[in-house]
Amino acid sequence: MVQRVAPARRSPRRSAAAPEDPRPDRRQAILLAAEKLFAQHGYHVVSIRQIADEAGVPLALVGYYFGPKHELFHAIFAHWSHTIEERLERLRAVRNDPADARTLPRIIEAFTAPVLALRASAEGEYYALLVARELYHATEEADRVLRGYFDPLAEAYIDALHVALPHATRGQVAWGYQFALGALLHHLNDSRIERLSHGQNRRADPAAAPMLVSFIVGGLRAALPRPRIPQKKTPTRRQT
């Protein structure tokens, strides 16, 4: 009599969308790989396949964790959102007294120092470079990040600058903020300084921070000078 062998029970098939053995470290690897490649080459140049190869994960895993490429781009800024809060905390710690000459440098230092420290660190280098490189391109992805994360930061600093420079209009202060931002982003992204200084300077050098602060403060004060109060003339006595 032939004995029938019961067929082995098959494990339930996984959903096509869920790859095998998803691990949190792989998610982090994808995020770091995307951050690095976007910073080095630009958002629109980099493909999902390149990100998967850089992270050392299957291609399907990128979509499983993050969805489309624009969502992965947004996830990078969500991951680093605590750095924006740090800059706001530093701003809140400044005693904003328009009569105190130290107020404006302190506001600008709060604005620049955390970003320069990030750019100089091993873990934050590519994020800082990504901010400097990608956010001011006129793309839908960049605009979404700007509105969600960086516009509230800009509004807070413009408000503080307006208190420190009460003689200026908000529109003038907003221009001043944008000019200050341009100087900061250029410092983060520029490598030409090494050539122009004949090797004396290195790119994104944090040691240049005090000079950057002085440059921005000097520019704001020159562009938005306090109005001079005319001195009253003392009447001269007539000689009899």
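About the cut-offs
- Along every chain, residues carry numbers that run from 1 in the direction the sequence is written.
- Reporting in this predicted model follows two pLDDT cut-offs: at least 70 for local features of residues, and 80 or more for side-chain atom pairs to be given and counted; totals over whole chains, interfaces and linings ignore these cut-offs and use all residues.
- As a rule here, side-chain values cover all heavy atoms of the structure and leave hydrogens and water aside.
- As a per-residue measure, pLDDT reflects the predictor's confidence and takes values from 0 up to 100.
- Between two residues, a contact is recorded if the distance between any of their heavy atoms is within 4.5 Å.
- Strands are runs of DSSP state E lasting at least 2 residues, helices are runs of H or I lasting at least 4, and numbering of each runs from the N terminus.
- Relative accessible area decides the class of each residue, using a 1.4 Å probe on protein chains only: under 20% of the type maximum gives buried, over 50% gives exposed, and in between gives partly exposed.
- Between N-to-C directions, angles cover 0 to 180 degrees, with each direction set by a line fitted to C-alpha atoms, over the stretch in contact for helices.
- For classification, angles of less than 35 degrees are called roughly parallel, those exceeding 145 degrees roughly antiparallel, those between 65 and 115 degrees roughly perpendicular, and all remaining angles oblique.
- For any helix crossing, the convention is left-handed if the near helix is rotated counterclockwise from the far helix by under a right angle, and right-handed if that rotation is clockwise.
- Residue type decides the class: Asp, Glu, Lys and Arg count as charged, Ala, Val, Leu, Ile, Met, Phe, Trp, Tyr, Cys and Pro as nonpolar, and the leftover types, Gly among them, as polar.
- Here, a salt bridge means any side-chain nitrogen of Lys or Arg that lies within 4 Å of a carboxyl oxygen of Asp or Glu.

A. Summary view of the confidence of the model for the chain. Put simply, the chain has an average pLDDT of 88, and 85% of its residues get 70 or more. Low pLDDT, under 50, characterises residues 1-18; the stretch is placed with 4 contacts to residues that sit more than four places away or in other chains.

B. Summary view of the environment of Pro68. With respect to the secondary-structure elements, Pro68 resides in the loop between helix H3 (59-66) and helix H4 (69-79). Judged by its relative accessible area of 44%, Pro68 falls in the partly exposed class. Between the alpha carbons of Pro68 and Ile48 there is a distance of 8.7 Å; along the sequence they are 20 residues apart.

C. Focus on the packing of helix H7 (residues 125-134) against helix H9 (residues 170-189). Contact pair H7 / H9: the axes reach a minimum separation of 9 Å and the direction vectors enclose 125°. As judged from the angle between their axes, H7 and H9 are oblique. Judged by the twist between their axes, the crossing of H7 over H9 is left-handed. Across from Ala128, Leu129, Val131 and Ala132 in H7, the residues of H9 making contact are Leu185, Leu188 and Asn189. Split by residue class, the contact of H7 with H9 holds 6 nonpolar, 1 polar and no charged.

D. Structural context of the pattern of salt bridges. Taken as a whole and assessed by the stated rule, the structure comprises 12 salt bridges. When the shortest N-O distance is used, the salt bridge between Arg144 and Glu71 registers 3.5 Å. A residue pair is termed long-range when its members are at least 10 positions apart, and Arg144 in helix H8 (residues 140-164) and Glu71 in helix H4 qualify at 73 residues. The class for Glu71 is partly exposed, based on a relative accessible area of 30%. Arg92 is the salt-bridge partner of Glu85, the closest N and O atoms lying 2.4 Å from each other. When salt bridges with common partners are traced through the structure, they connect Glu85, Glu89 and Arg92 into a single cluster.

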